[in-house]
Amino acid sequence: MNRRDFMAASAAILAAGALPASAADDTARIGYNGDFWGASIASIADAKDLWAKHGVSATTKVFTNGPIQVQALGANSLEFGYLGPGALWLPATGKAKIIAVNDVGFSDRVIAQAGIKSVADLKGKKVAVPAGTSGDMLLRLALAKAGMKVEDIEMVPMDPSTVVAAFSSKQVDAAGIWYPFVGIIKKTVPDLVEIAKNDDFYPATTFPSVFIARNDLVEKNPDLIKKVIGAIKEAQDYRAAHLDEAVDITAKQLGIPADQLKTEAGYGKLMTSADVVKLTKDGTVAGWFRAMNELFKSFGKFDTSLDPKDYYMADLYLQA
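Attention here is on the structure that accompanies the text.

Take the packing of helix 8 (residues 160–168) against helix 9 (residues 181–188) next. The geometry of helix 8 relative to helix 9 is characterised by a closest axis approach of 9 Å and an angle of 25 degrees between their N-to-C directions. The orientation of helix 8 relative to helix 9 falls into the category roughly parallel. The two elements helix 8 and helix 9 meet at a crossing, and its hand is right-handed. Between helix 8 and helix 9, the contacting residues are P160, V164, F167 and S168 on the first element and F181, I184, I185 and T188 on the second. Taken together, the residues of the contact of helix 8 with helix 9 break down into six nonpolar, two polar and no charged.

This is the structure we're talking about:
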């Protein structure tokens, strides 16, 4: 479904005004990221027809990162999307609403060329990173832990595929990036060094990824949000019970070899919908978001942020 021409899908949405109101209300354009944790839920929902099962006429589309999806939400080009932890400052500042937690990630790394042994060795070095992503956040955390600032390195913003090319050709000294891209880089740079990872900061800092909705949908169409959450929940449970198949389904959707995703699939905390319900009810999820807010504040992303209760639609998740 994600291979459908996006312009045609947009035209179909515009034409929805000629349809009965209920049909128009059930239409959703849904974004996702091109890696296992960013794509597996949408891929399973597409492959198993879960959107339709839950009453949603969905068109899905792959993006290179979450911030671009937030821009698409703001331009009314998407109704729903996906964000990695590095972009959680966007809903925290009112740019979107979080409707569900996807997983807790452990796939991020700060990698360096051979000879660089620690984060401290990055001083003055050229470091590639996709801005506003979990790789960006891990890099900043690692620098702070080493008593350094972003200004101590030469940070070079790049999209993930460009990071792979730049690191592999040794145009950069290090990178803040995640699996499966780390695994791809290792094939050409087997002696790379992993100098920081999510585990170094867990559980004090937990990296959740999430699904988001356009702000206006919360008031205008909460029923659509609950239908989409219902499909997400069922896909989440299927992924937890059939991980190998989920890898194959996601690889097929993305058009890449499954072995590129298998390693990444092992670097996340598989959660069922029941797990997310429990962690939502006991306040754990809100605690994750508050901790992230404090981090973003320390990184200078914002001075003030919303309370998680104002951007995590916990009630809708629990009702779906």
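The next thing to look at is the side chain of T206. Take T206: it is sitting in the loop between strand 9 (193–197) and strand 10 (208–213). For T206, a relative accessible area of 4% gives the class buried. Reaching out from T206, the side chain makes a polar contact with the backbone oxygen of P203 at a distance of 3.2 Å. Sequence-distant contacts of T206, that is, excluding residues within four places in its chain, are made with V104, W288 and M292.

Let us now look at the environment of A175. If you trace the backbone, A175 turns up in strand 8 (residues 174–178). For A175, a relative accessible area of 0% gives the class buried. Measuring from C-alpha to C-alpha, the distance between A175 and P130 comes to 8.9 Å, with 45 residues separating the pair along the chain. Setting aside residues up to four positions removed in sequence, A175 forms contacts with R109, V110, I111, V127, A128, V163 and F167.

Let us look at the sheet that holds strand 6 (residues 126–129). Spatially, five strands are ordered 7-6-8-5-9 in an open sheet, and the strand pairing comes out mixed. The two strands at the open ends of the sheet, each matched to only one other strand, are strand 7 (154–157) and strand 9. On average, adjacent strands in this sheet sit at an angle of 25 degrees to one another, irrespective of strand direction. Bridge count between strand 6 and strand 8: two bridges; the pairing is parallel. By the bridge assignment, A128 is partnered in strand 8 with A175.

Cut-offs and rules
- Residues numbered from 1 in each chain as written.
- Predicted model: local features only at pLDDT ≥ 70, side-chain atom pairs only at ≥ 80, totals over all residues.
- Heavy atoms only, no water.
- Axes fitted to C-alpha atoms, helices over the stretch in contact; angles between N-to-C directions.
- Helix = DSSP H or I, 4+ residues; strand = E, 2+ residues; numbered from the N terminus.
- Parallel < 35°, antiparallel > 145°, perpendicular 65-115°, else oblique.
- Left-handed = near helix turned anticlockwise from the far one by under 90°.
- Contact = heavy atoms within 4.5 Å.
- Nonpolar A, V, L, I, M, F, W, Y, C, P; charged D, E, K, R; others polar.
- Buried < 20%, exposed > 50% of the residue type's maximum accessible area, 1.4 Å probe, protein only.
- Polar contact = N/O pair within 3.5 Å; in protein donor to acceptor, adjacent residues only side chain to side chain.
- Pairing = 2+ DSSP bridges.

These figures come from the coordinates and say nothing about function on their own.
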